[in-house]
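Residues per chain are reported as follows:
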Amino acid sequence: MPHNVDRIQSDGPYINRRQWLSMLGVGGAAALAGCTGGGDDDEDPGAENGGDDDAGVDPDAEIPDVSGQYDDVQASGFDTLNPITNTEDGAGTAIGYALDMGYTFNPDNELVPLLYDVTTDDGGETWTIDIREGLEFSDPYGEFTADDFVFYVEEIHQAEWAPSANSPDWEGVEVEEVGDYEVECTLENPNLLWPETFNPLEYPIPRDLIEPYVEDEDAEGLQEDTELIELEFTGNMGAFTLDEWVRDGGTSYTRNDEYYLRDVAEEDDDYRLFAEAPYFETLELQIIEEESSRISSLETGAVDHVTLPPDRGEQFMDDDDTRVVLADTPFNNILSVNQRDNGWTAGPGNLFQVKEFRQALAAAIDKPQLIEGVYRGFHDEHYTWQPEFSEWFPGTDELTLWGHPEDGVYGDEARDLAEQALDQIDEDYTYDGDTLLTPDGDQVELQLYYNAASETQELAAGFFEQEFEEHLGFTLELNSIDGTRFSEEYWDGSDIAEPGTTVEHDGREFTWDAPNPSNPGPREYTSNEAWDFGTIFGLNTYPRNPLTNDAFFDGPGNFYNPVGYYPEFDAEGLFDEARSAEDRDELQEVFNELFVNLNEEQPYIMLTFGVDIEGYNPDLVGPIGDFANGYDFPTWYFDE
């Protein structure tokens, strides 16, 4: 497949379909996982990467003994283990047991070099990749060097013929070998968060293995190469060695006695715990499609790890034979409001376009009650477009806590905001007592769509219905719908503007350079079907690299804007300032202003953040309740 088939052009930089999909969290799934809500207002944002579980491997512990077999489980098999072409998360896990990538991040959001470090000293325009010495491929490929890295990037990722999943990451990047183990990368535009984009994160691939395919431009041969698919070239660069891949059955591995991080541990005390890593003799990754069978395998002790559904999480939290870890995620639960011209179906005008009305909606929903009543005491409160564990979260003292009865704006104050919004539109909506009336004198009734496959979304929809009627005086018609149908007929625009379409709004001019179904153009460009509220989709908030949020909020003409949001603050200017920031302090200042404004404007009504519920063997030492859970997997061990 040509490498650029799936690329979609935004009005700014290109993003590919993989990145586009990464924006979306299926609300039905995101709404299913959870973590205890709340948090102290004075906590240092970003001090940790989420969660409050301080377990994990004690950095001062004695080096453990090697023992036993670690049994992991996934629900689905995978099509390939070729690290050049794979795009599946499950296969990525299977590959990762046998082959490290360049670096990772720890719970403090610090880059941890594995195969190489990535640094800049000029504000993010030029980056140096320092490859460790002593990294060896399997015979006959020798040492991993800068020559391998540069050849792989230039001849695969930057070549038109090659089927590389990471090609868009390297567009416009000049790559130069400046030493045996040193590569210099020059970006088209400076980016202080380039490592956090994961664009420079690569597997090591030996030049001599792929060079024949490069010379012949043999894409099919590259995809089907046995050494790549069977991970036969990995040498000392993985914690385990792949023994067997049984299609639809899983993979099995043996401990790699030559794992390079053991040598690193001798020289660098930060890697002390890797002295004899990994600490399992063998490892198996099983494929068990049936959910009840996966859970049963954890209950019986047949496996050491299973991702749990939320309706079973509480049960296992009370079970001494299982340890449950709640790992925060960057995906949110939001209430989308249609600000386009086919939104607000109750009558003329569209109150969703008025900031104060969106604030009223956010203030009418009791978030702590939502979390307790709908999400079973799980989930975190969500006030701006970053989770609280993010380094870039501005701090709750800077934010309005919409929907927090004790510390924020809630209840009667929601009604006050709604009345302020009524004063800003020409249509004659009014309150009669506690009832919001249309210009025709009828009670306002709006439509809300939720995922028919999600009982959690149905429960949440009922909660919203009660809160809106009590505090804002309008009713909801609740509609269950298939997620795909909602996406195609309600969410995506069907009427697409011409590129370059420009409108003036509040004295400012906005242009749509590349309209697409996710942002078909100005508000008069709409989907096939009218709608008011939707809970189908959650979105990614990108806590490590908030610049990626420009796809959502970099002006009305950004890449992804199905709801027709027009920022009232200078969002484009702030993203420009962030892109040109010269240090992280400057970046923090810009992001603070951005996220405070998004908190005020509520482009989507922000509700909660979910988490993954992971069930483990209680004798396993290592898992942590953190976004970075698993970053140090080779140091995990059984405490028996």
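Criteria and thresholds
Residues numbered from 1 in each chain as written. Predicted model: local features only at pLDDT ≥ 70, side-chain atom pairs only at ≥ 80, totals over all residues. Heavy atoms only, no water. Helix = DSSP H or I, 4+ residues; strand = E, 2+ residues; numbered from the N terminus. Buried < 20%, exposed > 50% of the residue type's maximum accessible area, 1.4 Å probe, protein only. Lys, Arg positive; Asp, Glu negative; His and termini not counted. Salt bridge = Lys/Arg side-chain N within 4 Å of Asp/Glu carboxyl O. Polar contact = N/O pair within 3.5 Å; in protein donor to acceptor, adjacent residues only side chain to side chain. Contact = heavy atoms within 4.5 Å. Pairing = 2+ DSSP bridges. Axes fitted to C-alpha atoms, helices over the stretch in contact; angles between N-to-C directions. Phe/Tyr/Trp six-rings, centres within 6.5 Å; stacked < 30°, edge-to-face > 60°. Lys NZ or Arg CZ within 6 Å of the ring centre and 35° of its normal.

Peer 1: Talk me through the side chain of Glu 614; I want residue IDs and the actual numbers.
Peer 2: Among the structural elements, Glu 614 can be located in strand β25 (residues 605–616). The side chain of Glu 614 sits in the buried core without any salt bridge; Arg 294 is the nearest counter-charge, 9.6 Å away. Within the structure, the side chain of Glu 614 is placed 2.7 Å from the side chain of His 305, a separation counted as a polar contact. One polar contact links Glu 614 to Thr 307, side chain to side chain, over a distance of 2.7 Å.

Peer 1: Describe in detail the side chain of Asn 350, supporting the description with residues and values.
Peer 2: Residue placement: Asn 350 occurs in the loop between β15 (323–337) and α11 (355–364). One polar contact links the side chain of Asn 350 to the main-chain carbonyl oxygen of Arg 340, over a distance of 3.0 Å. With residues up to four places along the chain from it excluded, the contact list for Asn 350 reads Asn 338, Gln 339, Arg 340, Gly 343 and Trp 344.

Peer 1: Describe the sheet that holds strand β9 (residues 174–179), listing the residues and the values that go with them.
Peer 2: Judged by pairing direction, the sheet is antiparallel, and its 4 strands sit side by side in the order β7-β8-β10-β9 without closing on themselves. If you trace the sheet from one side to the other, it starts and ends with β7 (116–120) and β9, each paired once. Direction aside, the axes of adjacent strands within the sheet are offset by 25° on average. Where β7 meets strand β8 (residues 126–131), 5 bridges bridge the pair, whose relative direction is antiparallel. If you follow Tyr 116 over to β8, its bridge partner there is Ile 131. Along the sheet, helix α4 (residues 146–157) contacts β7, β8, β9 and β10 (182–186); its crossing angle with β9, the most-contacted strand, is approximately 170°.

Peer 1: Explain the environment of Leu 547 residue by residue, including any values.
Peer 2: Inspection of the secondary structure puts Leu 547 in the loop between β24 (537–539) and α16 (550–553). Residue class for Leu 547 comes out buried when judged on its relative accessible area of 10%. For the pair Leu 547 and Tyr 253, spaced 294 residues apart in the sequence, the C-alpha separation amounts to 38 Å.

Peer 1: Describe the sheet that holds strand β13 (residues 282–287), listing the residues and the values that go with them.
Peer 2: Reading across from one edge, β4-β13-β12-β11 is the order of the 4 strands in this open sheet, with mixed pairing throughout. Every other strand in the sheet has two partners, leaving β4 (69–74) and β11 (240–246) as the edge strands with one partner each. With direction set aside, neighbouring strand axes in the sheet form an average angle of 15°. Of the strand pairs in this sheet, strand β12 (residues 250–255) and β13 are connected by 5 bridges, and their pairing is antiparallel. Considered in β13, the bridge of Ser 252 is made with Glu 284.

Peer 1: Lay out the packing of aromatic side chains with the relevant residues and their values.
Peer 2: Applying the stated rule across the entire model yields 49 aromatic pairs. Consider the rings of Trp 491 and Trp 531, whose centres lie 5.8 Å apart with planes at 40°: the pair is tilted. With Trp 491 in helix α15 (residues 483–491) and Trp 531 in the loop between β22 (508–512) and β23 (533–534), this residue pair connects regions lying 40 residues apart in the sequence. Accessibility assignment for this pair places Trp 491 and Trp 531 in one class, buried. A centroid spacing of 6.1 Å and a plane angle of 55° characterise the contact between Phe 510 and Tyr 566, whose relative ring orientation is tilted. Taken together, the residues span a long stretch of sequence, with Phe 510 in strand β22 and Tyr 566 in the loop between α16 and α17 (571–579) at a distance of 56 residues. Comparing Phe 510 with Tyr 566, the two get one shared label, buried. Chaining the aromatic ring pairs together yields one cluster made of Tyr 70, Tyr 97, Tyr 253, Phe 280, Tyr 616, Phe 633, Trp 636 and Phe 638. We note Arg 247 situated over the ring of Trp 245; from NZ or CZ to the ring centre the distance is 3.5 Å. Positioned above the aromatic ring of Tyr 431 is the side chain of Arg 415, whose terminal nitrogen or guanidinium carbon lies 3.6 Å from the ring centre.

Peer 1: Now, about unusual backbone geometry: what can you tell me, with residues and values included?
Peer 2: For the bond running from Asp 139 to Pro 140, omega is 10°, close enough to zero to count as cis. With respect to the helices and strands, the residue Pro 140 is situated in the loop between β8 and α4. Its identity is not glycine, yet Leu 231 carries a phi of approximately 55°, on the positive side. In this structure, Leu 231 sits in the loop between α7 (226–229) and β11. In the Ramachandran plot, Tyr 542 falls in the positive-phi region, its phi being about 50° despite a non-glycine side chain. With respect to the helices, strands and loops of the structure, Tyr 542 is situated in the loop between β24 and α16. Residue Tyr 542 is classed as buried on the basis of its relative accessible area of 13%.

Bear in mind that shape data such as this cannot, by itself, settle questions of function.
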